[in-house]
Amino acid sequence: MSVLIVGGDNHLKKDQYLKSVRDISLDHPTLLKVQILRAKCRNPLCQKKSFILPNSNVSKYARATDRLKREALDSIVLDNISTLRTSRRMRRSYNTTGSKSSIDRWKHQEADRYEFKEIISHLEFSGILSLDDYKPLRSSSYDLFASDAKTGKILYLETQGVSQGRGKVVKFLETIKGFGLKPWAIVFDLWSAFPKSVQKVFPGILIQYDHFHVMNQIHRYLKNALLQFRRQLKEAGLKDLQEEIWQHKWRLLKNMDRWTPQDHFIIEDLMKVYRGTVVEKVLLFKECLFQLFNNVQSRQEAFQKRDELYEQTWWRSSWHLTKVMQLLMSPKFPYMLTYLDYPDLPRAGNSETLIRTWRQIERVRYGFKTQKGKQNHLKLYQIKYYLNDHFIRNTEK
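The shown structure was predicted, so the numbers you read here are calculated from the model rather than taken from an experiment.

A.B. asks: An account of the overall build of the chain is needed here, citing residue identities and associated values.
C.D. replies: Each helix and strand counted, the chain has 16 helices and 8 strands in total. Out of the 397 residues in the chain, the part that is buried amounts to 46%. Of the roughly 21,500 Å² of accessible surface on the chain, 50% is carried by carbon and sulfur atoms.

Right under this line is the structure:
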């Protein structure tokens, strides 16, 4: 353990004492005796006449070395282990003690040293923001979730309360703007509160509706069309056909380019039985949607394919397919195609993937009790996972 040497013109040694601190050891429990030096300031303008000289390996008032704390925080953040299991791991693997409350205190002390603004400034924001909302584990309220749509990094999250509205979205975006983020494009789902809120805070920003959420809503209608047809078969007493539709519903909803030879064989047999029914219409409609969203090179071509589909009449007898067509004919449709004019803009964000990752973090802790605890964990996650602790080392220098 290195100890700072007293010297210099501005202070002189006043007294010294030994402090016991815990450290990591693979062989046996280790308790270090660290020499603490108290100095007296010679400058008459000093507010404090005497003070303790800093030690590069032990923080002030600490009873554990910095590397012990660092190992505990790495276990919590990088290995996604709870504070209780981390405490047991310290005792079992490193022959040292660290209570659950101590480790939790180390975590908050470390996170409180940094602000989101300075952390985000080092994350190399791509300029494309992804915005989504989700319901945290064991919570009655919703959180807004901001991430980088291109690099896949979580930027910020904040609790919004039980009720949501445009005002809360605006406030959240103003916080994002206060961090110094200036996005030129944003990707989000079909929630009606998003577009006007975004344009109010970031005038002129490009809007792209998340393709995942668009297709999720469309596939919900297609699935419900099949389930409604299945209920009709049940009412007609055709139990075998009802069970057949239930067995193959996901195969019918799968994109044709992903069909296996077995899928082709089974669906050809199904068409012999269900030709002219909603099953055939769902298959045809799904293929038209695939061509509309995946085989177009320009916005003009996408509008042309949509209008051609609208002029046809075979889908109009199905309420569910009509609802899909209404979505495609709505003012939301142009926002689904923004990516066609801007090659650097992805048509889908990564918010759902990142939210799943964050839920895994929540699950270990049975949900975060407070917003501060949640945000502090995110700070350490950003520093250790995205920045590999380089931000900490540069800050200390």
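There's more to say after this.
A.B. asks: Kindly report on the packing of helix 3 (residues 100–111) against helix 15 (residues 371–386), identifying the contributing residues and their values.
C.D. replies: It is the contact of helix 3 with helix 15, at a shortest axis distance of 9 Å, that shows an interaxial angle of 70°. Classified by the interaxial angle, the pair formed by helix 3 and helix 15 is roughly perpendicular. In contact with Lys107, His108, Glu110 and Ala111 of helix 3, helix 15 contributes Gly373, Asn376, His377, Lys379 and Leu380. Class assignment for the residues of the contact of helix 3 with helix 15 results in 2 nonpolar, 4 polar and 3 charged.

A.B. asks: I'd like a rundown of the pattern of salt bridges, residues and numbers included.
C.D. replies: A complete count under the given rule lists 11 salt bridges for this structure. Where Lys254 meets Asp263, a salt bridge forms, and the shortest distance between an N and an O atom there is 2.9 Å. The exposure class assigned to Lys254 is partly exposed, which follows from its relative accessible area of 24%. With relative accessibility at 2%, the residue Asp263 sits in the buried group. For Asp307, the salt bridge identified is with Arg306, shortest N-O distance 3.1 Å.

A.B. asks: How would you summarise the sheet that holds strand 5 (residues 142–148) if you had to cite specific residues and measurements?
C.D. replies: Ordered by their spatial adjacency, 5 strands build an open sheet running 6-5-4-7-8, and the pairing between neighbours is mixed. This sheet does not close on itself; its edge strands, each paired only once, are strand 6 (154–161) and strand 8 (206–209). The average angle at which neighbouring strand axes cross in this sheet is 20°, direction not considered. Examined bridge by bridge, strand 4 (residues 128–134) and strand 7 (residues 185–188) share 4 bridges and lie parallel to one another. What sits directly across from Ile128, in strand 7, is Ala185. Strands strand 4, strand 5 and strand 6 of the sheet are contacted by helix 5 (residues 166–178), whose axis makes an angle of about 150° with strand 6. Helix 14 (residues 351–364) rests against strand 4, strand 5 and strand 6 of the sheet, and its axis sits at about 50° to strand 4.

A.B. asks: So, the side chain of Ser147: which residues are in play, and what are the values?
C.D. replies: Mapped onto the elements of the fold, Ser147 is located in strand 5. Residue classification places Ser147 among the buried residues on the basis of a relative accessible area of 0%. Among the polar contacts made by the side chain of Ser147, one reaches the side chain of Asn350 at a distance of 3.2 Å. Setting aside residues up to four positions removed in sequence, Ser147 forms contacts with Ile128, Leu129, Ser130, Lys153, Ile154, Leu155, Asn350, Ser351 and Leu354.

A.B. asks: I'd like a rundown of helix 13 (residues 319–328), residues and numbers included.
C.D. replies: Looking at helix 13, one finds that the buried residues are His320, Leu321, Val324, Met325, Leu327 and Leu328. Burial along helix 13 is one-sided: seen end-on, the buried residues are contained in an arc of 155°. The inward-facing, buried residues of helix 13 contact helix 7 (211–235), helix 11 (278–294) and helix 12 (299–311).

A.B. asks: Which residues make up the confidence of the model for the chain, and what values go with them?
C.D. replies: In this model, the chain carries a mean pLDDT of 87, and residues with pLDDT of at least 70 account for 90%. Low pLDDT, under 50, characterises residues 1–9; the predicted model gives this stretch 20 contacts beyond four residues in sequence or across chains.

A.B. asks: An account of the pairing of strand 6 is requested, with residue identities and associated values reported.
C.D. replies: In terms of burial, strand 6 is largely enclosed, as 6 of its 8 residues are buried. Where strand 5 hands over to strand 6, the hairpin turn is made up of 5 residues, of which Gly152 adopts a positive phi near 70°.

A.B. asks: Run through the environment of Arg166, naming residues and quoting values.
C.D. replies: Counting through the fold element by element, Arg166 comes out in helix 5. A C-alpha to C-alpha distance of 8.0 Å links Arg166 and Lys196, two positions 30 residues apart in sequence. Here Arg166 is in contact with Ala193, Lys196 and Ser197, once residues within four sequence places are set aside.

A.B. asks: Which residues make up the environment of Phe172, and what are the values?
C.D. replies: Among the secondary structure elements, Phe172 is positioned in helix 5. Take Phe172: its relative accessible area is 0%, and that puts it in the buried class. Counting along the chain gives 27 residues from Phe172 to Phe145, while the straight-line C-alpha distance between them is 9.4 Å.

A.B. asks: I'd like a rundown of helix 11, residues and numbers included.
C.D. replies: Compared with the 24 Å implied by 1.5 Å per residue over 17 residues, the 24 Å span of helix 11 between its first and last C-alpha is a close match. Of all 17 residues that make up helix 11, 12 are buried, and the element is covered over most of its length. Of all the residues in helix 11, the buried ones are Val278, Val279, Glu280, Lys281, Val282, Leu283, Phe285, Lys286, Leu289, Phe290, Leu292 and Phe293. Each element contacted by the buried residues of helix 11 is listed here: helix 7, helix 8 (239–247), helix 9 (249–253), helix 10 (261–274), helix 12 and helix 13.

A.B. asks: Tell me about unusual backbone geometry, and please be specific about residues and values.
C.D. replies: Excluding glycine, a negative phi dihedral is what most residues carry, and trans is how most peptide bonds are arranged. With a phi close to 55°, Asn80 is a non-glycine residue in the positive phi region. Residue position: Asn80 is located in the loop between helix 1 (66–77) and helix 2 (83–93). The phi dihedral of Arg138 falls on the positive side, at around 55°, and the residue is not glycine. As for its position among the elements, Arg138 is in the loop between strand 4 and strand 5. Owing to a relative accessible area of 66%, Arg138 belongs among the exposed residues under this scheme.

Reading guide: rules and limits
- Residues numbered from 1 in each chain as written.
- Predicted model: local features only at pLDDT ≥ 70, side-chain atom pairs only at ≥ 80, totals over all residues.
- Heavy atoms only, no water.
- Helix = DSSP H or I, 4+ residues; strand = E, 2+ residues; numbered from the N terminus.
- Buried < 20%, exposed > 50% of the residue type's maximum accessible area, 1.4 Å probe, protein only.
- Areas by Shrake-Rupley, 256 points an atom, 1.4 Å probe, with all protein chains shown as cover.
- Axes fitted to C-alpha atoms, helices over the stretch in contact; angles between N-to-C directions.
- Parallel < 35°, antiparallel > 145°, perpendicular 65-115°, else oblique.
- Contact = heavy atoms within 4.5 Å.
- Nonpolar A, V, L, I, M, F, W, Y, C, P; charged D, E, K, R; others polar.
- Salt bridge = Lys/Arg side-chain N within 4 Å of Asp/Glu carboxyl O.
- Pairing = 2+ DSSP bridges.
- Polar contact = N/O pair within 3.5 Å; in protein donor to acceptor, adjacent residues only side chain to side chain.
- Arc of directions from axis to C-beta.
- pLDDT = per-residue confidence, 0-100.
- Expected span 1.5 Å × (residues − 1).

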